[in-house]
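Architecture at a glance
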2 protein chains.
Amino acid sequence: MKKNRTLMNDLPEPVPEAMKAAYDEALTAGARGEIPVGAAIYDPEAERIVARSGNRSVELNDPGAHAEMLAIRAACAALGASRLPGLDLYVTLEPCTMCAAAISFARLRRLYFGAFDEKGGGVCHGARFYEQPTCHHAPEVYGGIDRSACAELLQQFFAGRRGGA
Amino acid sequence: MKKNRTLMNDLPEPVPEAMKAAYDEALTAGARGEIPVGAAIYDPEAERIVARSGNRSVELNDPGAHAEMLAIRAACAALGASRLPGLDLYVTLEPCTMCAAAISFARLRRLYFGAFDEKGGGVCHGARFYEQPTCHHAPEVYGGIDRSACAELLQQFFAGRRGGA
């Protein structure tokens, strides 16, 4: 990973409850045969999780049904709002470019993610959307939280696939 | 607009039916109070429009409910598939970064768009997603089809907003 301007340096310690919820969503997504990625949206003022979701691309026949997109949609529906300022998104994997942009559109305050995604990430890799002049709101970004556990879920999933398990 | 590697040079002539359908969707989206952008997904082999949608971000309280995202979701649902190889997407405005990535994930064959979007586009501007190493499928891109009419819709909409109309 190239050094970049996007990441904040201080990771929250211990792992926040919302990250654990995202991890649980990733686990259950994997059990459903989905790529195991999970997300949760947290209201730091009310100290509660507003919405959570795992990846449902296969189930919904929707290439856009990533965990972050579904969590954003669920949070907007729950709050009757099309923007989520002041709220934070936790996700087990660095968001792809699509989700990075959706997080920006939703005006989320902070993005906390687990594993880095060199091949498909759009935050610290590739498009680095938050550093683009076409990005009109960038969340604060904290990456690498509980990254080993989050990455291991994905590695196990893909190893199982290759082995035909 | 910087010269870029993404665009094909030959625009279809006359304006294809699917682009007219996208324009109609943009018109009706504007009438609903949405930013007037419309999209249609076309099957060139069967010579038919598979799905069409206008922007519904306000109606659905969903910052991700752009015309392209809804058209992709509708086409996937109609065909019972999570990928749309061989199909083409027509949209009145250069897709944003979120939609550019979703078009890639859906494996669409071609992207035809109308007006260029310097401020928010992710195809010929900003992230230029299809030129990134993290993009694993790029459609052929034709931009600027019926661009004056498509841009005028947007200009009228925003002029009306500024005037309080």
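In this text, all values refer to a predicted model and were calculated from it rather than measured experimentally.

A separate point is the interface of chain A and chain B. The interface is formed by 30 residues belonging to chain A together with 30 residues belonging to chain B. Counting each side, the surface lost to burial between chain A and chain B is near 2,200 Å², with a carbon and sulfur contribution of 66%. In this assembly, chain A and chain B are joined by 2 salt bridges. Ionic pairing is found between A:Arg73 and B:Asp62, a salt bridge with its closest N-O pair at 3.4 Å. For the interface between chain A and chain B, the tally reads 6 residue pairs in polar contact (both at pLDDT 80 or more). For the side of chain A that touches chain B, the secondary structure elements donating two or more residues are helix H2 (67–79) and helix H3 (97–105) of chain A.

So, on to the side chain of A:Asp62. Counting through the fold element by element, A:Asp62 comes out in the loop between strand E2 (48–54) and H2. For A:Asp62, a relative accessible area of 5% translates into the label buried. A polar contact is formed between the side chain of A:Asp62 and the side chain of B:Arg73, at a distance of 3.4 Å.

A few words now on the sheet that holds strand E5 (residues 140–143) of chain B. Residue and element names in this part refer to chain B. Read across the sheet, 5 strands follow the order E2-E1-E3-E4-E5 without closing on themselves; strand pairing throughout is mixed. Looking at the sheet topology across the chains shown, the edges are occupied by strand E2 (48–54) and E5. Shown here is a sheet whose adjacent strand axes are inclined to one another by a mean of 15°, direction ignored. Two elements, strand E1 (residues 38–43) and E2, share 6 bridges in a ladder whose sense is antiparallel. Its bridge partner being in E2, Ile41 is matched across the sheet by Ala51. The sheet strands contacting helix H2 (residues 67–79) are E1, E2 and strand E3 (88–93), and the helix crosses E2 at an angle near 140°.

Cut-off values and rules
- As a convention, each chain's residues are numbered from 1 in the sequence order in which they are written.
- Both sets of labels track the order of writing: A upward for chains, 1 upward for ligands.
- In view of the model being predicted, local features appear only for residues whose pLDDT reaches at least 70, and side-chain atom pairs are presented and counted only at 80 or more, with totals across whole chains, interfaces and linings using the full set of residues.
- Just so you know, side-chain values use all the structure's heavy atoms and leave hydrogens and water out.
- Should any heavy atoms of two residues lie within 4.5 Å, those residues are counted as being in contact.
- Two parts placed together each lose some accessible area under a 1.4 Å probe, and the buried area is that loss summed for both.
- Note on definitions: salt bridges are taken to be side-chain nitrogens of Lys or Arg within 4 Å of carboxyl oxygens of Asp or Glu.
- N or O atoms closer than or at 3.5 Å make up a polar contact, with two conditions inside protein: a donor-capable atom paired with an acceptor-capable one, and, for residues adjacent in sequence, both atoms drawn from side chains.
- For helices the rule is a DSSP run of H or I covering at least 4 residues; for strands it is a run of E covering at least 2, with both sets numbered from the N terminus onward.
- Under the scheme applied here, a residue whose accessible area is under 20% of the maximum for its type counts as buried, over 50% as exposed, and between as partly exposed, the area being computed with a 1.4 Å probe on protein chains only.
- Only strands that DSSP links by at least two bridges are regarded as paired with each other.
- For helices, the axis comes from a line fit to the C-alpha atoms of the stretch in contact; other axes are also lines fit to C-alpha atoms, and the angle between any two N-to-C directions lies between 0 and 180 degrees.

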